[in-house]
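Listed here are the chains, written in short residue letters.
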Amino acid sequence: MYPTIKLALIYGSAREGRFCDVVAEWTQRHVDRHGGFETVRIDPADWPLSGRVLRQDEAQLQQLRQRLHAADAFVIVTPEYNHGYPAPLKALIDACYEPWQAKPVAFVSYGASSGGLRAIEQLRQVFAELHAVTLRDSVNLVSAWRQFGPDGELHEPQAAGQAMTTMLSRLSWWSRALRDARSATPYEAAA
């Protein structure tokens with residue numbers, strides 16, 4: 001039996017009144033049902049990051065780095081804003097380099113007609129540069145605000161639920177494989 005996978009569930013939006021909270025809560029319920037994960041949430045609204053890191057921000061930045069380093073895997077829950085992903089998510093990703101290396105990243109996206117697919121495709125390029133492994137399988141919610149009821153559940157959960165099960169199963173596989181590989185040979189020693 002493998003040890004529990006340490007999963008960082010990362011919010012993509014920091015907007016006030018954001019829909020990201022609904023999608024992240026739904027995602028967390030699926031993660032809990034799937035089992036095998038211990039989740040820590042990372043919300044860019046909690047980390048006042050910008051393109052410029054000031055000396056007084058160093059302690060907070062160190063906390064963020066530690067939380068990312070501790071993770072075996074990441075699930076990014078992101079909206080699509082203007083055919084891309086939100087700036088606070090980019091600031092959070094760019095605040096650290098090494099914690100992402102040789103770890104899997106999965107995506108749950110939402111948006112209008114594309115369901116956030118354009119945001120994911122852009123994020124794949126960013127994570128490739130950070131030496132992370134992005135999963136092909138993702139969950140994409142078209143017009144999510146219409147799909148969720150007041151209870152935070154989808155009106156028609158079958159397709160998204162199946163996509164989530166597949167994504168989490170593959171994330172679990174990649175998490176174990178890459179954790180074993182990092183344990184056998186530290187990633188920085190592979191160059």
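This one's a predicted model, so the numbers in the text were calculated from it and none came from an experiment. Positions within a chain are numbered from 1, following the residues in the order the chain's sequence is written. For this predicted model, a pLDDT threshold of at least 70 governs which residues receive local features, and a threshold of 80 or more governs which side-chain atom pairs are given and counted, while totals over whole chains, interfaces and linings are taken from all residues. Only heavy atoms go into the side-chain values, all of them from the structure, while hydrogens and water stay out.

A. Focus on helix H3 (residues 87–94). Restricting attention to buried positions, one finds in H3 the residues Leu89, Ala91, Leu92 and Ile93. Structurally, H3 contributes buried residues whose contacts are with strand S1 (5–11), strand S2 (37–42), helix H2 (58–70), strand S3 (73–79) and helix H4 (117–129). Relative accessible area decides the class of each residue, using a 1.4 Å probe on protein chains only: under 20% of the type maximum gives buried, over 50% gives exposed, and in between gives partly exposed. Per the convention used, a helix needs a DSSP run of H or I reaching at least four residues, while a strand needs a run of E reaching at least two, with both numbered from the N terminus. Note on definitions: a residue-residue contact is assigned when non-hydrogen atoms from the two residues lie within 4.5 Å.

B. Quick peek at the pairing of strand S6 (residues 139–142). Of the two faces of S6, the one lined by Val139 and Leu141 is fully buried and the one lined by Asn140 and Val142 carries no buried residue. In this structure, strand S4 (residues 104–111) lies alongside S6, joined through four bridges in parallel fashion. Note on S6: the bridge partner recorded for Ser109 is Asn140. Two strands qualify as a pair provided that DSSP identifies no fewer than 2 bridges between them.

C. Inspection of the nonpolar core at higher detail. Core analysis: the biggest nonpolar cluster contains 27 residues, and Trp26, Val75, Val77, Val108, Leu141, Met167 and Leu171 have the highest contact counts within it. Among the secondary structure elements, those contributing two or more residues to this core are S1, helix H1 (20–34), S3, S4, S6 and helix H6 (158–184). Excluding anything up to four places from it in sequence, Leu171 contacts Leu7, Phe37, Ala73, Phe74, Val75, Pro104, Ala106 and Leu135. Formed by 26 residues, the second largest nonpolar core is a distinct cluster that contains Leu68, Ala71, Val105 and Leu123. To qualify as a nonpolar core, a set must consist of buried Ala, Val, Leu, Ile, Met, Phe, Trp, Tyr and Cys residues joined through side-chain atoms within 4.5 Å.

D. Structural view of the confidence of the model for the chain. Note: pLDDT gives the predictor's confidence per residue, expressed from 0 to 100. On average, residues of the chain score 92 in pLDDT, and 94% of them are at 70 or above. Across the chain, the element-wise mean pLDDT spans from 88 in H2 up to 98 in strand S5 (residues 133–134).

E. Layout of the pairing of S2. Sheet topology note: the S1/S2 ladder contains six bridges and is parallel. Each bridged residue has a counterpart across the sheet, and for Leu7 the counterpart in S2 is Thr39. Place the viewer so that the strands point away; then a crossover is right-handed whenever the path from the first strand over the helix to the second strand goes clockwise. Handedness of the β-α-β unit built from S1, H1 and S2 comes out right-handed.

F. Quick peek at the packing of H1 against H6. Throughout, an axis means a line fitted to C-alpha atoms (over the contacting stretch in the case of helices), and angles, computed between N-to-C directions, take values from 0 to 180 degrees. Across the interface, H1 lies against H6 with an axial gap of 10 Å and an inter-helix angle of 60°. Classified by the interaxial angle, the pair formed by H1 and H6 is oblique. The way H1 lies across H6 gives a crossing that is right-handed. Along its contact with H1, which presents Trp26, Thr27, His30, Val31 and His34, the element H6 presents Ala160, Gly161, Met164, Thr165, Leu168, Ser169 and Ser172. For classification purposes, angles smaller than 35 degrees are called roughly parallel, those larger than 145 roughly antiparallel, those between 65 and 115 roughly perpendicular, and all remaining angles oblique. Definitions for this section: a left-handed crossing has its near helix turned counterclockwise from the far helix by less than a right angle. A right-handed crossing has that turn clockwise.

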